[in-house]
Amino acid sequence: MSVDKRKNITAILGPKGGVGKSTIAANLAIALSRMGKKVVAVDLDLGASNLHAIFGMRGSPKSLSDFIQNRVKNLADVVSTTSIGDLGIICGGDDPGIANMPHQKKIKLIRHLSSLNYDIVLLDMAPGASFNVVDFSIIAQQALLVTTCEVPSLLNVYSFIKSAVFRRLTFFLKHNKWFELLELLNQAKEPDKHPHLKTMEGFFSEARKTDAAAADSARKMLARIKPLVVVNRVRTDKDARVGEVIKNLLKEYLSIETAVIMTIRDDNAVGDAIAKLSPIMLDAPSSPFSQDIQEIASRIC
Amino acid sequence: MSTRVLVFSADELRGKIIRKVLDRNGLECMFFNRILETGDDIVQHSPDVVIVDTESCYPEEINHLRNICQTLKHEVVIVLGRETVIDRFKGPRMRKVLCLFDPLDPELIAVKIKETVSQKEKKGKLTGGDMLEKTLKHLLHLN
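Residues numbered from 1 in each chain as written. Chains lettered and ligands numbered in written order. Predicted model: local features only at pLDDT ≥ 70, side-chain atom pairs only at ≥ 80, totals over all residues. Heavy atoms only, no water.

## A closer look at the side chain of H45 of chain B
Among the secondary structure elements, H45 of chain B is positioned in helix α2 (residues 38-45). If near-sequence neighbours (up to four positions away) are discounted, H45 of chain B is found in contact with R4, L6, M30 and F32 of chain B. (Helix = DSSP H or I, 4+ residues; strand = E, 2+ residues; numbered from the N terminus. Contact = heavy atoms within 4.5 Å.)

## Thoughts on the packing of aromatic side chains
Residues and elements named next belong to chain A. Scanning all chains against the criterion turns up 3 aromatic pairs over all chains. Taken together, a centroid distance of 5.8 Å and an interplanar angle of 65 degrees make the contact between F172 and W178 edge-to-face. The ring centre of F131 lies 3.8 Å from the NZ or CZ of R167, which sits over that ring. (Phe/Tyr/Trp six-rings, centres within 6.5 Å; stacked < 30°, edge-to-face > 60°. Lys NZ or Arg CZ within 6 Å of the ring centre and 35° of its normal.)

## Details of the sheet that holds strand β2 (residues 28-32) of chain B
Residues and elements named next belong to chain B. Within the open sheet, the 5 strands sit side by side as β2-β1-β3-β4-β5. Their pairing is parallel. Lying at the two open borders of the sheet, with one neighbouring strand each, are β2 and β5 (98-101). Across this sheet, the average inter-strand angle for adjacent strands is 20 degrees, counted without regard to direction. Relative to strand β4 (residues 76-81), strand β3 (residues 49-53) runs parallel, the two sharing 5 bridges. Bridge pairing in β4 links D53 to L80. Packed on one face of the sheet, α2 meets β1 (4-9), β2 and β3 and runs near 170 degrees to β1. (Pairing = 2+ DSSP bridges. Axes fitted to C-alpha atoms, helices over the stretch in contact; angles between N-to-C directions.)

## As for the confidence of the model for chain B
Confidence along chain B averages 86 in pLDDT terms, with 92% of residues attaining 70 or more. Averaged pLDDT values for the elements of chain B fall to 81 in helix α5 (residues 106-139) of chain B and rise to 94 in helix α1 (residues 12-24) of chain B. (pLDDT = per-residue confidence, 0-100.)

## Quick look at the nonpolar core
Residue and element names in this part refer to chain A. Counting 78 residues, the largest nonpolar core has L109, L113 and L123 as the members making the most contacts within it. With 12 residues, the single largest contributor to this core is helix α6 (residues 151-175). When sequence neighbours within four positions are dropped, the list of residues in contact with L113 reads I9, V42, L44, L75, V121, L123, F136 and I139. Core analysis: the second largest hydrophobic core is formed by 40 residues, A31, F55, L228 and A269 among them. (Core = buried A, V, L, I, M, F, W, Y, C linked by side-chain atoms within 4.5 Å. Buried < 20%, exposed > 50% of the residue type's maximum accessible area, 1.4 Å probe, protein only.)

## Some words on the packing of α6 of chain A against helix α10 (residues 242-254) of chain A
Residues and elements named next belong to chain A. Packing of α6 against α10 leaves a shortest axis separation of 11 Å and a crossing angle of 30 degrees. What the angle tells us is that α6 and α10 run roughly parallel. Crossing geometry of α6 relative to α10 is assigned as right-handed. Contacts from L154, V157, Y158, I161 and K162 of α6 reach α10 at V242, I246, L249, L250, Y253 and L254. Residue composition of the contact of α6 with α10, grouped by class: 10 nonpolar, no polar and 1 charged. (Parallel < 35°, antiparallel > 145°, perpendicular 65-115°, else oblique. Left-handed = near helix turned anticlockwise from the far one by under 90°. Nonpolar A, V, L, I, M, F, W, Y, C, P; charged D, E, K, R; others polar.)

## Points about unusual backbone geometry
Put simply, D102 of chain B and P103 of chain B share a cis peptide bond, and its omega is 5 degrees. Phi angles above zero are rare outside glycine, and N70 of chain A is one such case at about 65 degrees. Along the polypeptide, N70 of chain A turns up in the loop between α3 (64-68) and β3 (80-81). In this structure, L277 of chain A takes a positive phi of about 50 degrees despite not being glycine.

## Looking at the interface of chain B and chain A
At the interface, 11 residues of chain B touch 13 residues of chain A. Taken together, both faces of the contact between chain B and chain A bury some 1200 Å²; the carbon and sulfur share is 74%. One can count 1 salt bridge joining chain B with chain A. Summed over the shared surface of chain B and chain A, the number is 3 residue pairs in polar contact (both at pLDDT 80 or more). Of the residues assigned to the side of chain B that touches chain A, the class counts are 5 nonpolar, 3 polar and 3 charged. (Buried area = accessible area lost by both parts, 1.4 Å probe. Salt bridge = Lys/Arg side-chain N within 4 Å of Asp/Glu carboxyl O. Polar contact = N/O pair within 3.5 Å; in protein donor to acceptor, adjacent residues only side chain to side chain.)

Structure representation (structure tokens):
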């Protein structure tokens, strides 16, 4: 989940459902396309897909289900074209059980996502912090964490990052066969029993006693995780400041530096556009929401 | 919302000069020269900043202003005048006030008001953020 402009995958994550993630993903894809980028938006909210509806599409002859169920060989073959610039969409699948795809199919999907020939591949992720969501987010070079100002949403953002940090460190330590550090990481999952490992700084400090080079290497890997926090439905200055609070917590406990904090103003035009099944970037391009999306597009492009 | 300033001065000329300069600096300013009615005026207008000019005040007026300053808890208070008089506005029971000695410098008063109000707002914002952070830490068992 690091920011690397050489790569092209951006994940839109909203650990709590209903925070406006798909609306942001669809409209961000339009904004990026209008900036001359070749963009594909991928609905990875498997089993509960709705990205196509926000684009005003009734459905698609081909979807992610066809690829996952091997009815189509290449992921590129399920891209639907749109009337908006160079913008394509991969509609999500809703075949029963598709959200719990086997590991091999997940690896295959990740491989195909990584090789899509687009300037920007925008992943509209499912809510929650399941392994699937975390793993898809790990392949992205940029992660936009969408939250509202409410406490439950902020809690979920923190928990999601924590899950991603532990999963990524686990992979990293296993891959390098640093099993003593892996054991220490497992202890860190129980901070009540091991209070000295409550923070990532505590973990790294302890890890250095065992293997300084390995600990430094793991810390370096973690430093590449720099999510962008997007606070949606901001009504007041106070709302806008919640990004700073979550930024401080991520830094203090997980040693994660938040790259940028962006805000999207609360806007009734969003509901109106959704009711009309028309993306707000097309329906109300000068609305506050559209302006804020445009600004985000400029920042991540 | 603009910053509301009340100026209390027994010297009408000084009071009006202060008001004029503060107005010019975008501050919403009212001037009163009935020193013994200070308390009522503050209650009525709920200012953000109270400026107390001790110049030309009788001793009983200075005592009155001193007592008023002890009761103000939320307003920024700036006391103007000679050093010997202003010293009476210091002491263990006196809340911290900003003292600006003569000669009168209305532009400096405007600068100090802006600085102090800005710091106060910043502190208020941080307090809101601190409360949210405290709540999140509690719910995430980070404490």
